[in-house]
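An overview of the molecular structure
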Amino acid sequence: MNSTDLQVAGKATDLGNAWLNTLGTWGDKALQVALVAIVVITVVRKVSLKAGIGALIGLVIALGIYNSRGSLANIFEDEVNNPATGHGAISVVIPPDPNGPDAGGAL
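Computed from a predicted structure; not experimentally measured. (Residues numbered from 1 in each chain as written. Predicted model: local features only at pLDDT ≥ 70, side-chain atom pairs only at ≥ 80, totals over all residues. Heavy atoms only, no water.)

1. Examining the overall build of the protein chain
- Helix and strand counts for the protein chain stand at 3 helices and 0 strands.
- The order of helices and strands in the protein chain, counted from the N terminus, is α-α-α.
- Here the protein chain, with 107 residues, has 7% of them falling under the buried criterion. (Helix = DSSP H or I, 4+ residues; strand = E, 2+ residues; numbered from the N terminus. Buried < 20%, exposed > 50% of the residue type's maximum accessible area, 1.4 Å probe, protein only.)

Structural data, given as structure tokens:
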């Protein structure tokens, strides 16, 4: 092996990373454009302000979840890796109704 082989491999690796980064950036932009297009198409097809508002709320929720995917992934990973440090389930005890069907009365 000579040094030129290693440089070519390094440059080829950088080229692959550049392609992946470019495609990832395009994917982020394409998702946002697609969601906006869905909102516009919904408003035009339904010709309804209510449908437009609903589609816009859906757009905001979808983009909010997509943009916070990193922190959500960290939260889920922490819950999977450290289940004892997470919050336990909330238990609510409901006492029986004194006037309910088991109150001792005859039918």
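Here the narrative resumes, following the displayed structure.
2. Considering the packing of aromatic side chains
- Applying the stated rule across the entire model yields 0 aromatic pairs.
- When the ring centre of Y66 is taken as origin, the NZ or CZ atom of R69, which lies over that ring, is 4.1 Å away. (Phe/Tyr/Trp six-rings, centres within 6.5 Å; stacked < 30°, edge-to-face > 60°. Lys NZ or Arg CZ within 6 Å of the ring centre and 35° of its normal.)

3. Here's the deal with a nonpolar patch on the surface
- Taken together, the side chains of L49, I53, I57, I61, I65, L72, I75 and F76 define a hydrophobic patch exposed on the protein surface, amounting to about 810 Å² of accessible area.
- Listing elements by their share of the nonpolar patch, those giving two or more residues are α2 (49–67) and α3 (69–81).
- Counting residues per element, the nonpolar patch draws most heavily on α2, which supplies 5 residues.
- With respect to the element layout, F76 can be found in helix α3. (Patch = residues over 30% accessible without salt bridge, like charges linked within 9 Å, V, L, I, M, F, W, Y side chains within 5 Å. Areas by Shrake-Rupley, 256 points an atom, 1.4 Å probe, with all protein chains shown as cover. Salt bridge = Lys/Arg side-chain N within 4 Å of Asp/Glu carboxyl O.)

4. Section: the nonpolar core
- L35, V39, A55, L59 and L63 together form the largest nonpolar core, which totals 5 residues.
- Those elements that place two or more of their residues in this core are α1 (3–46) and α2.
- With 3 residues, α2 is the largest single contributor of residues to this core.
- Excluding anything up to four places from it in sequence, A55 contacts V39 and T42. (Core = buried A, V, L, I, M, F, W, Y, C linked by side-chain atoms within 4.5 Å. Contact = heavy atoms within 4.5 Å.)

5. Looking at α2
- Its 19 residues place the ends of α2 27 Å apart at the C-alpha level, agreeing with the 27 Å of an ideal helix rising 1.5 Å per residue.
- Within α2, the full set of buried residues consists of G52, A55, L59 and L63. The buried residues of α2 occupy one face: seen down the axis, they fall within an arc of 70 degrees. Among the exposed residues of α2, those pointing more than 90 degrees away from its buried face are K50, V60 and I65.
- By the N-cap criterion, in which a side-chain oxygen at the helix start approaches the backbone nitrogen of a residue two or three places on, α2 is capped by S48, the distance to K50 being 3.2 Å. (Expected span 1.5 Å × (residues − 1). Arc of directions from axis to C-beta. Polar contact = N/O pair within 3.5 Å; in protein donor to acceptor, adjacent residues only side chain to side chain.)

6. What about the confidence of the model for the protein chain?
- On average, residues of the protein chain score 74 in pLDDT, and 72% of them are at 70 or above.
- Mean pLDDT across the elements of the protein chain bottoms out in α1 (72) and peaks in α2 (84).
- Low pLDDT, under 50, characterises residues 3–8; the predicted model gives this stretch 1 contact beyond four residues in sequence or across chains. (pLDDT = per-residue confidence, 0-100.)

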